[in-house]
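# Per-entry structural report
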Amino acid sequence: MKQTQYVAREPDAHGFIDYPQQEHAVWNTLITRQLKVIEGRACQEYLDGIEQLKLPHDRIPQLGEINKVLGATTGWQVARVPALIPFQTFFELLASKRFPVATFIRTPQELDYLQEPDIFHEIFGHCPLLTNPWFAEFTHTYGKLGLAATKEQRVYLARLYWMTIEFGLMETAQGRKIYGGGILSSPKETVYSLSGEPEHQAFDPIEAMRTPYRIDILQPLYFVLPNMKRLFDLAHEDIMGMVHQAMQLGLHAPKFPPKAAA
């Protein structure tokens, strides 16, 4: 696992996490800015989730507040984790309907982008859609499959996750919209993903699994779902059979340059 400068904050005996004022200020900057950027760009299912979560603007929410809403809508919960967790822990959590949330927030110096998933990315980017039964079902199934998968199979599953839950787009009656949390928590990628610059492909799970990605650049390619129900339907298809096919077919050539050596 990679190293990180960030340390997750510990709760007190009552489960309350006390964040310093400057961290609440970072949250306020991020959520205020991003709510404006996603206007007209986020899918309705995500906006419905934002409405239900009623995230505070002036402070970082407590995990218990999120859990009340998720528990009442889809039975999910969020689970406090350190800054980075192993694949195994990640799959274990999803398989038990718990979404990992690292209880730290980025520094003002990394306001626009950081590689580690912080509390803003996890709560603002992902939790709204966990109120949606179709999205929640896919995420739960994904966790159970990952738990039973081999190390090699997990790499293919990781690409499927990246191209859907993190960086997925969707066709709607109002035009193409965003549902991926990695896009929705990034001001630059929110605008870029829907522009004419990147490539857009109709969603195909096997193709998604065969597509290499880099975490530190704007994505050169986005897969577009026909609707949110497609994820629910996929959860009931033979995803591991698709992994096997993708492994046999092999990876596509990357659509990006290799990362420069540090």
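Overview of the structure. Small disclaimer: the values here were computed from a predicted structure and weren't measured. Residue numbering note: each chain is counted from 1, following its sequence as written. Reporting in this predicted model follows two pLDDT cut-offs: at least 70 for local features of residues, and 80 or more for side-chain atom pairs to be given and counted; totals over whole chains, interfaces and linings ignore these cut-offs and use all residues. In computing side-chain properties, one takes all heavy atoms of the structure into account and sets aside hydrogens as well as water.

## What about the side chain of histidine 121?
With respect to the secondary-structure elements, histidine 121 resides in helix α5 (residues 119–126). Separated by 3.3 Å, the side chains of histidine 121 and glutamate 166 make a polar contact. Contacts between residues were defined by any pair of non-hydrogen atoms, one from each residue, lying within 4.5 Å. Residues contacting histidine 121, with those up to four places away along its chain left out, are Arg106, His126, Glu166, Gly181, Gly182 and Ser185. Each helix is a run of DSSP H or I of at least 4 residues and each strand a run of E of at least 2, with the numbering of both proceeding from the N terminus. N or O atoms closer than or at 3.5 Å make up a polar contact, with two conditions inside protein: a donor-capable atom paired with an acceptor-capable one, and, for residues adjacent in sequence, both atoms drawn from side chains.

## Focus on the packing of aromatic side chains
The criterion for an aromatic pair is that two Phe, Tyr or Trp rings (for Trp, the six-membered ring) have centres within 6.5 Å, with stacked assigned to planes under 30 degrees apart, edge-to-face to planes over 60 apart and tilted to the rest. Evaluated as defined, the whole model comprises 13 aromatic pairs. An angle of 80° between the planes, with centres 5.5 Å apart, marks the rings of tryptophan 27 and phenylalanine 120 as edge-to-face. Residue tryptophan 27 is located in helix α1 (residues 21–37), and its partner phenylalanine 120 is located in helix α5; the two are separated by 93 residues in the primary sequence. Each member of the pair, tryptophan 27 together with phenylalanine 120, is buried. Ring geometry for tryptophan 162 against tyrosine 213: centres 4.2 Å apart, planes inclined by 5°, an arrangement best described as stacked. Here tyrosine 213 lies in the loop between α10 (205–209) and β6 (221–225) and tryptophan 162 lies in helix α7 (residues 151–166), a separation of 51 residues in the sequence. Pairwise contacts between aromatic rings join Phe87, Phe90, Phe91, Phe138, Tyr142 and Tyr161 into one cluster. Here arginine 159 stacks its cationic end above the ring of tyrosine 156, 4.7 Å away from the centre of that ring. Working definition: with a 1.4 Å probe on protein chains only, accessible area under 20% of the residue-type maximum means buried, over 50% means exposed, and in between means partly exposed. Lysine NZ or arginine CZ positioned within 6 Å of the ring centre and within 35 degrees of the ring normal marks a charge as sitting over the ring.

## A closer look at the packing of helix α4 (residues 87–95) against α7
Think of each axis as a best-fit line through the C-alpha atoms, taken over the contacting stretch in the case of a helix, with angles from 0 to 180 degrees between the N-to-C directions. Between α4 and α7, whose axes approach to 12 Å, the crossing angle comes to 60°. Put simply, α4 runs oblique to α7. The two elements α4 and α7 cross, and the hand of that crossing is left-handed. Across from Phe87, Gln88, Phe90, Phe91 and Leu94 in α4, the residues of α7 making contact are Arg154, Ala158 and Tyr161. Roughly parallel means an angle under 35 degrees; roughly antiparallel means over 145; roughly perpendicular covers 65 to 115; every other angle is labelled oblique. Note: crossing handedness is left-handed where the near helix turns anticlockwise from the far helix by less than a right angle, and right-handed where it turns clockwise.

## Some remarks on the sheet that holds strand β4 (residues 175–178)
Whether two strands pair depends on DSSP finding at least two bridges between them. Here four strands make up an open sheet; going across it, the order is β4-β3-β6-β5 and the pairing mixed. Looking at the sheet topology across the chains shown, the edges are occupied by β4 and β5 (199–202). Averaged over all pairs of adjacent strands, the angle between strand axes in this sheet comes to 35°, irrespective of strand direction. Here strand β3 (residues 169–172) pairs with β4 via four bridges, running antiparallel.

## Focus on the nonpolar core
Residues enter a nonpolar core if they are buried and are Ala, Val, Leu, Ile, Met, Phe, Trp, Tyr or Cys, with the set joined through side-chain atoms within 4.5 Å. Within the largest apolar cluster, 71 residues are counted, with the highest numbers of intra-cluster contacts made by Tyr46, Ile123 and Tyr179. Among the elements that make up this core, the one with the highest residue count is α7 (seven residues). Among all residues touching isoleucine 123, those that are not within four sequence positions of it are Trp27, Leu53, Leu55, Pro61, Leu63, Ile66, Val101 and Pro128. Core analysis: the second largest hydrophobic core is formed by eight residues, Tyr6, Ala79, Val81 and Leu93 among them.

## Thoughts on the pattern of salt bridges
Every case where a carboxyl oxygen of Asp or Glu lies within 4 Å of a side-chain nitrogen of Lys or Arg is listed as a salt bridge. Applying the stated criterion across every chain, the model contains 12 salt bridges. When the shortest N-O distance is used, the salt bridge between glutamate 23 and arginine 9 registers 2.9 Å. Highlighted residues: glutamate 23 in helix α1 and arginine 9 in the segment before α1, separated in sequence by 14 residues. In this structure, aspartate 233 and lysine 229 form a salt bridge, with 2.9 Å as the shortest nitrogen-oxygen distance. Taken together, the residues aspartate 233 and lysine 229, both in helix α11 (residues 229–235) and four residues apart, mark about one turn of the helix. Among the residues examined, aspartate 233 registers a relative accessible area of 28% and is labelled partly exposed. Salt bridges sharing common partners tie together Arg214, Asp216 and Lys259.

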